[in-house]
Amino acid sequence: MKNKIWENILKLREASPLVQNITNYVVMNNTANALLAIGASPIMAHAHSEISDMLKIAQSLVINIGTLDEYWVKSMKLAAQEVEKHKKPWVLDPVGAGASAYRDQVLLELLALRPSIVRGNASEIMALAKLNTHQSKGVDSTMASHEALAAAQQLAKDWQTVVCVSGAKDVIADGQKTIYVENGTPLMTQVTGMGCTATALVGAWAAIVPDMLEATATAMSILSVAGEVALRNSPGPGTLQVNILDKLHNLSAEEYLQTAVVYE
Amino acid sequence: MKNKIWENILKLREASPLVQNITNYVVMNNTANALLAIGASPIMAHAHSEISDMLKIAQSLVINIGTLDEYWVKSMKLAAQEVEKHKKPWVLDPVGAGASAYRDQVLLELLALRPSIVRGNASEIMALAKLNTHQSKGVDSTMASHEALAAAQQLAKDWQTVVCVSGAKDVIADGQKTIYVENGTPLMTQVTGMGCTATALVGAWAAIVPDMLEATATAMSILSVAGEVALRNSPGPGTLQVNILDKLHNLSAEEYLQTAVVYE
Amino acid sequence: MKNKIWENILKLREASPLVQNITNYVVMNNTANALLAIGASPIMAHAHSEISDMLKIAQSLVINIGTLDEYWVKSMKLAAQEVEKHKKPWVLDPVGAGASAYRDQVLLELLALRPSIVRGNASEIMALAKLNTHQSKGVDSTMASHEALAAAQQLAKDWQTVVCVSGAKDVIADGQKTIYVENGTPLMTQVTGMGCTATALVGAWAAIVPDMLEATATAMSILSVAGEVALRNSPGPGTLQVNILDKLHNLSAEEYLQTAVVYE
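These figures come from a predicted structure and were not determined experimentally.

**Student:** Looking at this structure, I do not really get the overall build of chain A. What am I missing?
**Tutor:** Within chain A, the regular secondary structure consists of 12 helices and nine strands. Relative to its length of 264 residues, chain A is compact, with a C-alpha radius of gyration of 17 Å against a globular reference of 18 Å. The burial tally for chain A puts 64% of its 264 residues in the buried class. Of all intrachain contacts in chain A linking residues separated by at least 6 positions in sequence, the fraction that spans at least 24 positions is 71%.

The following block contains the structure:
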């Protein structure tokens with residue numbers, strides 16, 4: 001698995017996919033930088049009039065609802081509909097799922113547009129599972145067990161998508177197979193938008209790796225390894241944010257292969 | 001005073017308050033990072049439909065008018081009205097007060113919604129004082145003296161709020177008592193949004209310290225000490241911005257207590 | 001030329017011009033920081049109601065269409081019209097020219113409002129040249145040659161503006177004279193918004209240097225030298241972004257004069 005992931009890392013540096021992002025204001029600079037650092041090319045555009053043109057040239061789409069409002073939600077829906085036409089992959093980041101009724105309503109609408117991959121933290125994925133109870137009784141038991149793993153597996157089945165729950169241990173499930181990524185450092189949770197960065201990277205590998213489970217595992221693995229290696233000379237969250245960008249760019253095969261912990 | 005402030009610093013790391021921010025595009029990443037670095041949890045959300053839900057879970061609110069427009073101003077007013085219902089504290093950052101008639105009009109409307117704390121630089125607080133002359137003759141003399149200190153004290157009385165004027169020496173006044181903070185470094189003025197970061201931190205401590213004067217002094221003191229300590233290995237404003245985040249996160253009791261200059 | 005540029009650098013630190021920016025969400029923090037680092041004062045404001053007031057106090061205007069939408073496009077047009085009344089310089093950054101029909105339409109409308117300077121990368125300037133073929137047959141041959149240099153020179157003549165094509169070698173043309181800047185490092189292309197930063201700096205020098213060609217050359221030269229010097233202790237794009245801000249702030253005469261390569 002690690003060798004395949006390392007190959008995907010090299011492959012992306014060559015392929016330099018164009019990734020369309022409709023994301024939140026807080027993280028735009030960092031996610032654009034993270035995409036550039038791994039060798040991808042970010043597009044950040046949200047005007048209704050140009051969504052269609054952008055998705056002709058982009059190879060994948062990332063939708064992150066972090067700072068959503070009515071205009072941006074319409075952009076997101078237009079983009080998800082457009083990407084479907086082109087059979088290109090798209091990733092949904094359900095930031096703040098469960099925090100407001102508006103956010104949950106928008107998420108239901110976006111889920112209906114069939115994301116290829118959904119990446120959130122445990123609380124967000126649990127909130128999505130709860131939303132889904134109106135449609136699927138199978139999720140009730142998941143909620144009762146309060147385990148994000150079970151929620152992810154169930155939701156992946158229900159929606160026929162790949163679900164990634166990021167945390168100390170990342171879980172990536174497609175309803176049949178589950179991959180675990182165990183790297184990173186708790187200090188990454190003190191840097192804003194690390195989850196959003198993960199989602200953007202997932203979008204990049206989804207553009208060039210046909211298996212969505214493997215694409216997601218690749219992104220989660222490189223980001224968490226970059227975080228773990230970058231921590232060595234990062235006394236706090238400010239330097240960590242900066243050094244992770246460096247590591248995403250210059251991580252060596254040795255650093256990656258010696259550090260990565262990925263298993264099914 | 002310094003010991004009480006240090007206790008507040010430790011207390012916040014434990015309490016991890018949820019702070020709702022309606023702030024400007026320029027600084028969102030940095031203020032979110034600063035809130036995370038001190039141990040708080042930022043929410044950044046502005047959609048009219050979810051303001052009410054967010055303020056049910058947030059423990060305080062920060063309104064910063066930096067890149068205001070009609071939509072965002074409505075978000076700000078909705079939020080200030082909502083927070084009033086819940087009797088939670090809110091902080092106003094009057095960015096660019098005096099620079100446009102629109103900005104001043106919006107500030108008058110927000111001031112009428114009774115912020116718990118107002119934090120600005122001398123020129124912004126002086127501009128607010130000038131605005132207020134239509135309502136209070138007492139301010140005329142303040143303006144004549146061109147002293148931000150007198151303006152702050154007068155305005156705090158007029159509005160029954162806490163007013164913080166940040167600068168080489170920060171002044172925090174509630175109309176009766178005045179606290180001074182003398183730390184920081186001039187290089188902080190070359191980093192965008194340092195004032196906005198200060199306001200966000202004020203919002204965090206306002207969530208857990210009942211005395212608004214003390215909450216404000218705590219935020220201003222830790223930020224200026226972090227800046228002063230961070231300067232030691234920051235050759236310019238780029239590294240200073242990053243190292244301040246590190247210091248907000250890992251400032252030790254020794255570093256804080258040996259460096260801080262705070263007095264009434 | 002280098003000595004004149006160095007004088008302009010010192011002059012700006014004294015003059016501290018106020019630069020109004022209507023720019024994209026991705027780069028706002030960095031461009032504000034870059035402007036502060038060279039000694040300028042950024043204004044970031046886009047509300048229709050305050051554009052006119054802001055352009056009374058600003059000394060130049062930067063318009064960057066990166067994350068444009070209908071509201072922001074109206075802000076841009078209002079600003080370009082307003083700045084014309086005050087005979088102040090303005091700079092256009094045609095981010096993503098050619099990527100969507102909407103973007104190209106907006107660019108034609110903005111070009112009609114006569115920017116003092118246009119700065120883009122080769123692909124953007126070539127796209128503008130293509131747009132312009134509807135109006136000027138002279139550009140057809142330019143497009144055939146597929147050379148950004150010729151495109152820049154022709155477009156500068158057609159529009160009576162200064163055109164800067166940034167790249168490994170920056171080309172700055174006013175239709176008569178052409179200046180070349182050969183500094184920088186390829187790693188700068190892995191940092192988001194370096195071009196946008198260049199445009200913001202061009203706006204700053206345009207505020208204080210009457211000759212637009214010289215103002216542009218000054219900005220391009222200091223940024224590329226800062227990048228080249230900053231690279232020495234930047235192992236990747238994260239640290240490079242930060243260290244460039246430091247260097248914009250503290251570049252010495254020796255560092256600048258020994259490194260800069262500028263010629264006509």
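Let us keep going from here.
**Student:** Help me understand the relation of the copies chain A and chain C in this model?
**Tutor:** The second copy of the chain is related to the first by a rotation about an axis and a shift along the axis. When chain A is fitted to chain C, the best match, at an RMSD of 0.0 Å, comes from turning it 120° and sliding it 0.0 Å along the axis. Here the copies are linked by what is in effect a three-fold axis. No C-alpha of chain A lies nearer the rotation axis than that of Y25 of chain A, which sits 3.8 Å from it. Of the interface residues in chain A, just 12% have counterparts in chain C that sit at the interface too, so the contact is made through distinct surfaces.

**Student:** What is the right way to read the interface of chain B and chain A from this model?
**Tutor:** Reports often express the size of an interface as the amount of accessible area lost when the parts come together. Counting from both sides, the interface comprises 24 residues of chain B and, opposite them, 23 residues of chain A. Breaking the side of chain B that touches chain A down by element, the ones donating at least two residues are α2 (28–38), α3 (48–57) and α11 (237–250) of chain B. In terms of residue count, α11 of chain B provides more of the side of chain B that touches chain A than any other element does, eight residues in total. Tallied by class, residues from the side of chain B that touches chain A come to 13 nonpolar, seven polar and four charged.

**Student:** Can you walk me through the interface of chain A and chain C in this structure?
**Tutor:** The interface is formed by 24 residues belonging to chain A together with 23 residues belonging to chain C. Counting residues per element, the ones that place at least two in the side of chain A that touches chain C are α2 (28–38), α3 (48–57) and α11 (237–250) of chain A. The biggest single contributor to the side of chain A that touches chain C is α11 of chain A, with eight residues.

**Student:** When you look at the relation of the copies chain B and chain A in this model, what are you seeing that I'm missing?
**Tutor:** Screw-axis analysis of chain B against chain A gives a translation of 0.0 Å along the axis, an RMSD of 0.0 Å, and a rotation angle of 120°. The share of interface residues of chain B whose copies in chain A are also at the interface is only 12%, consistent with the copies meeting through different surfaces.

**Student:** What am I meant to see in the sheet that holds strand β4 (residues 90–93) of chain C here?
**Tutor:** The pairing of strands in a sheet happens through backbone hydrogen bonds and is either parallel or antiparallel. Residue and element names in this part refer to chain C. Read from one edge of the open sheet, nine strands run β2-β1-β3-β4-β5-β6-β7-β8-β9, paired in mixed fashion. Edge positions in the sheet fall to β2 (41–44) and β9 (262–263), since each of these pairs with one other strand and no more. One ladder, built from four bridges, connects strand β7 (residues 170–173) with strand β8 (residues 178–181); its direction is antiparallel. Across the sheet, residue A173 finds its bridge partner in β8, namely T178.

**Student:** Explanation requested: the sheet that holds strand β6 (residues 162–166) of chain B in the structure shown.
**Tutor:** Residue and element names in this part refer to chain B. Here nine strands make up an open sheet; going across it, the order is β2-β1-β3-β4-β5-β6-β7-β8-β9 and the pairing mixed. The strands lining the two open edges of the sheet, one partner per strand, are β2 (41–44) and β9 (262–263). In terms of strand pairing, strand β3 (residues 60–64) meets strand β4 (residues 90–93) through four bridges, oriented parallel. Along β4, the bridge assignment pairs I63 with L92. Here α2 sits on the sheet and contacts β1 (18–22) and β2; the angle it forms with β2, its principal contact strand, is near 155°. Contacts from helix α9 (residues 194–206) reach β1, β3, β4, β5 (117–121) and β6 within the one sheet, and its direction differs from that of β3 by about 160°.

**Student:** Help me understand α2 of chain B, please; the structure alone is not making it clear to me.
**Tutor:** The periodicity of an α-helix, 3.6 residues per turn, causes residues three or four places apart in sequence to face the same way. All names here are of chain B. With 11 of 11 residues buried, α2 lies mostly within the body of the structure. Looking only at α2, the buried set comprises M28, N29, N30, T31, A32, N33, A34, L35, L36, A37 and I38. Positive backbone phi, approximately 105°, marks G39, located one or two places after α2.

**Student:** What is the right way to look at the environment of E82 of chain A in this model?
**Tutor:** Residues and elements named next belong to chain A. Inspection of the secondary structure assignment puts E82 in helix α4 (residues 70–86). Expressed as a C-alpha distance, the spacing of E82 and I22, which sit 60 residues apart in the sequence, is 13 Å. Each residue touching E82, except ones within four places of it in the same chain, is listed here: I51, S52 and L55.

**Student:** Mind showing me how you'd approach the environment of R232 of chain A here?
**Tutor:** Locating R232 of chain A in the fold gives a position in the loop between α10 (212–231) and α11. C-alpha separation for the pair R232 of chain A and G66 of chain A, spaced 166 residues apart in sequence, amounts to 30 Å.

**Student:** Quick question: what am I supposed to make of the pairing of strand β1 (residues 18–22) of chain A here?
**Tutor:** Regular strands place their side chains on alternate faces of the sheet. All names here are of chain A. When you tally the buried positions in β1, you get four out of five residues, the bulk of the element. Sheet topology note: the β1/strand β2 (residues 41–44) ladder contains four bridges and is parallel. Each residue of the ladder has a partner; that of Q20, found in β2, is I43. The β-α-β motif built from β1, the intervening α2 and the parallel element β2 has right-handed crossover chirality. Relative to strand β3 (residues 60–64), β1 runs parallel, the two sharing four bridges. Counterpart to Q20 in the pairing with β3 is L61.

**Student:** Honestly, the pairing of strand β6 (residues 162–166) of chain C in this entry has me stumped. Any pointers?
**Tutor:** Residues and elements named next belong to chain C. Extensive coverage of β6 is indicated by the burial of five of its five residues. Burial along β6 is two-sided: the face carrying V162, C164 and S166 and the face carrying V163 and V165 are both buried. In the sheet, strand β5 (residues 117–121) pairs with β6 via five bridges, with the strands oriented parallel. Directly across from R119, in β6, lies its bridge partner C164. Both β6 and β7 contribute to a ladder of three bridges, which runs antiparallel.

**Student:** Help me understand the packing of α2 of chain B against α11 of chain B, please; the structure alone is not making it clear to me.
**Tutor:** A pair of packed helices can be characterised by two numbers: the angle between their axes and the separation between those axes. Residue and element names in this part refer to chain B. Close contact between α2 and α11 brings their axes to 7 Å; oriented N to C, the two are set at 25°. Relative to α11, α2 is oriented roughly parallel. Here the hand of the crossing between α2 and α11 comes out right-handed. For the pair α2 and α11, contact is made by N30, N33, A34, A37 and I38 and by Q241, L245, L248 and H249, respectively. The class makeup of the residues in the contact of α2 with α11 is five nonpolar, four polar and no charged.

**Student:** Would you mind showing me how to read the packing of helix α2 (residues 28–38) of chain C against helix α9 (residues 194–206) of chain C here?
**Tutor:** All names here are of chain C. Where α2 meets α9, the closest approach of the two axes is 9 Å, and the angle between their N-to-C directions is 40°. Judged by the angle between their axes, α2 and α9 are oblique. Our pair here, α2 against α9, has a crossing hand that is right-handed. Where α2 abuts α9, its residues N30, T31, A34, L35 and I38 lie against C196, T197, A200, L201 and A204. When its residues are assigned to classes, the contact of α2 with α9 shows seven nonpolar, three polar and no charged.

**Student:** Would you explain helix α3 (residues 48–57) of chain C in this entry?
**Tutor:** Taken together, the buried positions of α3 of chain C are E50, I51, M54 and L55 of chain C. Summarising the axial view, the buried residues of α3 of chain C lie within an arc of 140°, below the 170-degree limit, and thus occupy one face. The elements touched by buried residues of α3 of chain C are α5 (101–111) of chain B together with β1 (18–22), β2, β3 (60–64) and α4 (70–86) of chain C.

**Student:** I would appreciate a short explanation of the environment of G39 of chain C in the present structure.
**Tutor:** Residue and element names in this part refer to chain C. Among the structural elements, G39 can be located in the loop between α2 and β2. Spatially, the C-alpha atom of G39 lies 4.6 Å from that of R13, the residues being 26 residues apart in sequence. For G39, the residues in contact, after removing those within four places along its chain, are L12, R13 and S16.

The rules behind these values
Sequence order as written defines residue numbering, which begins from 1 separately in each chain. In the order they appear in the text, chains get letters beginning with A and ligands get numbers beginning with 1. Under the rules for a predicted model, residues below a pLDDT of 70 receive no local features and side-chain atom pairs below 80 are neither given nor counted, while totals for whole chains, interfaces and linings still include all residues. Each helix corresponds to a stretch of at least 4 residues labelled H or I by DSSP, and each strand to a stretch of at least 2 residues labelled E; elements are numbered beginning at the N terminus. In this setup the radius of gyration rests on C-alpha atoms only. A globule is expected at 2.2 Å times the number of residues raised to 0.38. Three exposure classes are used, all based on how many other C-beta atoms lie within 10 Å of a residue's own C-beta (placed from the backbone): buried at 20 or more, exposed at 12 or fewer, and partly exposed between those limits. What counts as a contact here is a pair of residues whose C-beta atoms, placed from the backbone, lie within 7 Å. Here the copies were fitted onto each other by least squares, based on C-alpha atoms from residues at pLDDT of at least 70 in both. Amino acids are sorted into nonpolar (Ala, Val, Leu, Ile, Met, Phe, Trp, Tyr, Cys and Pro), charged (Asp, Glu, Lys and Arg) and polar (every other residue, Gly among them). Strand pairing follows a simple DSSP-based rule, namely that at least 2 bridges must link the two strands. Lines are fitted to the C-alpha atoms to define the axes, a helix being fitted only along its stretch in contact, and any angle between axes, read from their N-to-C directions, falls within 0 to 180 degrees. Convention used here: a crossover is right-handed provided that the path from the first strand, over the helix, to the second strand proceeds clockwise when the strands point away from the viewer. Throughout, the term roughly parallel applies to angles under 35 degrees, roughly antiparallel to angles over 145, roughly perpendicular to angles from 65 to 115, and oblique to all others. Each crossing is labelled by how the near helix is turned from the far one, with a counterclockwise turn of less than a right angle marking it left-handed and a clockwise turn marking it right-handed. As used here, the arc is the angular range of directions from the helix axis to the C-beta atoms.

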